Amino acid sequence: MLLRLLLFLGALVRVTEPAPRCEPGQETLGQCQTGGKAKCVDITLGSCGDVPYTKTMYPNLLDQKSREVVEFSSEYILMSVLHNLLQGECNPDLRLLSCSILAPQCEKDKMIKPCRHVCENLRKNCLPAFDTIDMAWPYFLDCDRFFAGEEEGCFDPLAKLRGEPELAEEDLLVDVPTTLIQFTHHSYYKMVSILKKTASRCSHIARTYSIGRSFEGKDLFVIEFSTNPGHHDLMKPEFKYIGNMHGNEVVGKELLIYLAQYLCSEYLLGNPRIQTLINNTRIHLLPSLNPDGYELAAEEGAGYNGWINGRQTAQNLDLNRNFPDLTSEVYNRAGLRWARLDHIPIPQSYWEGKVAPETKAVMKWMRAIPFVLSASLHGGELVVTYPYDFSRHPLEEKMFSPTPDEKMFRLLAKAYAGAHPIISDKSEARCGGNFVKRGGIINGAQWYSFTGGMADFNYLHTNCFEITLELGCDKFPLEEELYSAWHENKEALLTFMEMVHRGIKGIVSDKFGNPIKNARISVKGIRHDVITAADGDYWRLLPPGRYIISAHAIGYSKVMKRVTLPAKMKRAGRVDFALRSLDTRPKNFLWGPVEDIYERYDPLEYFDPHAQHAQSEPREERGQPTRHNEKPWWWSYFSSLGQHKPVWLLKQR
């Protein structure tokens, strides 16, 4: 009995003893808990320094008991190298999601799990990138196992990255339209908020969507205006404005934010011009193609920004030099009578260089939507330029280098310049005075020559005609100058959009009325064709005049028509074509579908950025499984882990 009493008292003493005190730094490392209870500690993991919270807890959701254990784990190494392995895909989304597991949010000494729906959405979008490199989805991103539902009080680790501030109820219930625009500079998050509020006010004619992500993970947000948002309507032309391609050239970015608000409010107010424009056009506004560069330029502040900081992307790439150089290919082919000078494929060599995610996003956007007309908004000068931007003689930096559509491009450039009171002003007491005698417009290569421009790529790879707008001497003006910029450009922005309805449009079909995709529309005397969209419709921008138009497609007869476009004609003339099928195929020969001929070798869609790694190891024939004893190329990233290598990343054979 006495022995039992002594044992009980000894146990009581041990229970009531204070927990050992933490040495400096041990609590942060998660190596001890004050008072015997886990507590929130500062996040000190190097790869998780930008999470939207500051406190975490050990053990984490993987039962890793300290920061040191985490940093030497295969999970942490994978998170640190995913950007390189996936070539920037899903960056930094996957890293932030991984941090929410390895360093989970902690509040009031309580761990908070990340939301399951965030994990599920990201897995759906990013799993193809893992499949591309033959890697299994990481076990610690198992959405059912380590994540929680919203009803359990989870948090969204990507909310700040997405720029999705909560919309106040009053913002969503505004019944009275207003033309009030605040002429201020907008940070990325303010821009996203304004675009979403605008789309919510005009939800029947507007929506926002993202075409991709910047290098630092910001969505490249577009606001669209159409009577059928989200869908291409038959015979309705597609138009786009792109701003802030150079991050420190901000006037275009702000103008497109103002334009979005103006289109919404004026449509609701019954402005007949705006209603006609939106009812008959699908309009896409991308205010900021380079949000990473903008944030860098904005750090210096308006009025203090120079000509360099923020111009390029976070990868130090100039987006207007990053597109494929198809202009050189045109010059090489020009002497070949039957060579195509339009819809030129992207050369394989292009992918051997560094391609910005912003560039790739725009190119895929161009592929997805049959744009007819476009303009890119820049700053630093006061002039409108048009293709080609690269000189037909590489040693000539200022050489007139016209496209086959020189007359149409001049008409488009004059439309904007003529509606702009300063560009069209005869006074030379301003920047850009050297363009006054030219009417404020100039061929791009005649101004100065460069390769890899977006305007040339639009024209040579797609149907789209694009010009470049240099909208002011100051790249990052003070806020008090923004109203004047809007006042000077509003009419020109609207006038240029209306130019999308010039020329001809129509539908190409077979004798049964079935649409023919990728049929070519040719204009005699202009060596540049456009092709029909998925529904067989097309648009061909043309200045007034008389033309012989033909339509032809593989497997069909060629049809020609004479067309006259009067000088005062303000809308596209309707010219349809019905093609007769040619049954001239030899027996036992099967032709694939027409679209397959155009898209079978699509380098943008099918290019594998990791192919060069895969070539270093023997592979089975295409379509056959990899041998069981063969490890994927990325396995070497984990060579230092010895027996702790992440076998859970290897797909089951």
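To be clear, the structure that these remarks concern was listed above.
## A word on the nonpolar core
Phase 1: Counting residues in each nonpolar core, the largest one holds 96 residues, and the members touching the most others are Phe225, Tyr241, Leu259, Leu285 and Leu412.
Phase 2: When near neighbours in sequence (up to four residues on either side) are disregarded, Leu259 contacts Tyr241, Leu285, Trp486, Leu493, Leu494 and Met497.
Phase 3: Core analysis: the next-biggest nonpolar cluster, separate from the first, contains 52 residues, Cys90, Leu102, Cys119 and Phe146 among them.

## Examining the environment of Ser427
Phase 1: Assignment of secondary structure puts Ser427 in the loop between helix H16 (406-419) and strand E11 (441-443).
Phase 2: The spatial distance from the C-alpha of Ser427 to the C-alpha of Lys437 is 10.0 Å, given a sequence separation of 10 residues.

## Section: the packing of aromatic side chains
Phase 1: The full count for this structure, using the stated rule, is 32 aromatic pairs.
Phase 2: On the numbers, 5.8 Å between centres and 85° between planes, the contact of Tyr139 with Phe140 is edge-to-face.
Phase 3: By relative accessible area, Phe140 is classed as buried at 1%.
Phase 4: Measuring from centroid to centroid gives 6.2 Å for Tyr258 and Trp486, while their planes differ by 85°, and the two rings are edge-to-face. With Tyr258 in helix H11 (residues 251-268) and Trp486 in helix H19 (residues 482-498), the pair connects residues that are 228 residues apart, well separated along the chain. Accessibility classification places Tyr258 together with Trp486 in one group, the buried group.

## Concerning the sheet that holds strand E5 (residues 206-213)
Phase 1: Pairing is mixed across the open sheet formed by 8 strands, whose spatial order is E5-E6-E8-E7-E9-E12-E10-E11. Both outer strands of the open sheet, E5 and E11, are each paired with one neighbouring strand and no more. Along the sheet, successive strands turn relative to each other by an average axial angle of 25°, direction set aside.
Phase 2: The pairing of strand E6 (residues 219-225) with strand E8 (residues 282-286) spans 3 bridges and is antiparallel. Counterpart to Ile223 in the pairing with E8 is Leu285.
Phase 3: Relative to strand E7 (residues 238-243), H19 is tilted by about 145°, and along the sheet it contacts E7, E8, strand E9 (371-378) and strand E12 (465-472).

## A word on the packing of H16 against H19
Phase 1: Between H16 and H19, the least distance of the axes is 7 Å, while the angle of their chain directions is 150°. Relative to H19, the element H16 is oriented roughly antiparallel. In this structure, H16 crosses over H19, and the sense of that crossing is right-handed. Residues Leu412, Ala415, Tyr416 and Ala419 of H16 pack against Glu488, Asn489, Glu491, Ala492, Leu493, Thr495 and Phe496 of H19.

## Some remarks on the packing of H11 against helix H12 (residues 272-280)
When two helices pack together, their arrangement is given by the angle between their axes and by how far apart the axes lie.
Phase 1: Running from N to C, H11 and H12 cross one another at 110°; their axes reach a closest spacing of 8 Å. The orientation of H11 relative to H12 falls into the category roughly perpendicular. Of the residues in H12, those touching H11 at Tyr262, Leu263, Glu266 and Tyr267 are Ile274, Gln275, Ile278 and Asn279.
Phase 2: Tallied by class, residues from the contact of H11 with H12 come to 5 nonpolar, 2 polar and 1 charged.

## Digging into the state of the cysteines
Phase 1: According to the stated counting rule, one finds 5 disulfides in the structure shown.
Phase 2: Between Cys48 and Cys99 runs a disulfide, and the two sulfur atoms are separated by 2.0 Å. The sign of the S-S torsion, about -90°, decides the handedness of the disulfide formed by Cys48 and Cys99: left-handed. Of this pair, Cys48 sits in the loop between strand E1 (41-42) and strand E2 (55-56) while Cys99 sits in helix H5 (residues 93-102), and the two are 51 residues apart along the sequence.
Phase 3: The residue that forms a disulfide with Cys119 is Cys143, at a sulfur-sulfur distance of 2.1 Å. Looking along the S-S bond of the Cys119-Cys143 disulfide, the torsion reads about -75°, which is the left-handed sense. Within this pair, whereas Cys119 is found in helix H6 (residues 116-132), its partner Cys143 is found in helix H7 (residues 143-146), the two being separated by 24 residues in sequence.
Phase 4: Take Cys119: its relative accessible area is 0%, and that puts it in the buried class.
Phase 5: On the basis of relative accessibility, which here comes to 7%, the residue Cys143 falls in the buried class.

## A short note on the side chain of Arg520
Phase 1: Position of Arg520 among the secondary structure elements: in strand E14 (residues 520-523).
Phase 2: By relative accessible area, Arg520 is classed as buried at 9%.
Phase 3: Among the polar contacts made by the side chain of Arg520, one reaches the side chain of Asp529 at a distance of 3.2 Å.

## Things to note about the pairing of strand E17 (residues 545-552)
Phase 1: Of the pairings in the sheet, the one linking E14 to E17 comprises 4 bridges and is antiparallel in character. In the strand pairing of E17, Arg520 is matched with His552.
Phase 2: Judged from the 7 bridges that link them, E17 and strand E18 (residues 559-565) form a sheet pairing that is antiparallel. When the sheet's bridge partners are listed, Ile548 is paired in E18 with Arg562.
Phase 3: Linkage of E17 to E18, two consecutive antiparallel strands, is achieved through a turn of 6 residues, within which Gly555 is found at a positive phi near 90°.

## Overview of the sheet that holds E14
Phase 1: Strand order in the open sheet made by the 4 strands is E15-E14-E17-E18, with antiparallel pairing throughout. Of all strands in the sheet, those bounded by a partner on one side alone are strand E15 (526-531) and E18. For this sheet, the mean angle separating the axes of adjacent strands, direction not counted, is 25°.
Phase 2: Where E14 lies against E15, 3 bridges are found, and the strand directions are antiparallel. By the bridge assignment, Arg520 is partnered in E15 with Ile531.

## Points about a negative patch on the surface
Phase 1: A surface patch of negative charge is lined by Asp474, Glu479, Glu480 and Glu481.
Phase 2: Inspection of the secondary structure puts Glu479 in the loop between E12 and H19.

## Considering H6
Phase 1: Counted at 1.5 Å a residue, the expected span for H6 with its 17 residues is 24 Å, and the 24 Å between its end C-alpha atoms agrees.
Phase 2: The largest bend in H6 is about 45°, located at Cys126, with the proline Pro128 one to four residues further on.
Phase 3: Within the sequence span of H6, burial applies to Val118, Cys119, Leu122, Cys126, Ala129 and Phe130.
Phase 4: Buried residues in H6 make contact with helix H4 (74-85), H5 and H7.
Phase 5: Asp134 sits one or two residues past H6 and shows a positive phi near 60°.

Calculation criteria
- Residues numbered from 1 in each chain as written.
- Predicted model: local features only at pLDDT ≥ 70, side-chain atom pairs only at ≥ 80, totals over all residues.
- Heavy atoms only, no water.
- Core = buried A, V, L, I, M, F, W, Y, C linked by side-chain atoms within 4.5 Å.
- Buried < 20%, exposed > 50% of the residue type's maximum accessible area, 1.4 Å probe, protein only.
- Contact = heavy atoms within 4.5 Å.
- Helix = DSSP H or I, 4+ residues; strand = E, 2+ residues; numbered from the N terminus.
- Phe/Tyr/Trp six-rings, centres within 6.5 Å; stacked < 30°, edge-to-face > 60°.
- Pairing = 2+ DSSP bridges.
- Axes fitted to C-alpha atoms, helices over the stretch in contact; angles between N-to-C directions.
- Parallel < 35°, antiparallel > 145°, perpendicular 65-115°, else oblique.
- Left-handed = near helix turned anticlockwise from the far one by under 90°.
- Nonpolar A, V, L, I, M, F, W, Y, C, P; charged D, E, K, R; others polar.
- Disulfide = S-S within 2.5 Å.
- Polar contact = N/O pair within 3.5 Å; in protein donor to acceptor, adjacent residues only side chain to side chain.
- Patch = residues over 30% accessible without salt bridge, like charges linked within 9 Å, V, L, I, M, F, W, Y side chains within 5 Å.
- Areas by Shrake-Rupley, 256 points an atom, 1.4 Å probe, with all protein chains shown as cover.
- Salt bridge = Lys/Arg side-chain N within 4 Å of Asp/Glu carboxyl O.
- Lys, Arg positive; Asp, Glu negative; His and termini not counted.
- Charge placed at Lys NZ, Arg CZ, Asp CG, Glu CD.
- Expected span 1.5 Å × (residues − 1).
- Bend = angle between axes of the 7 residues up to and from the residue.

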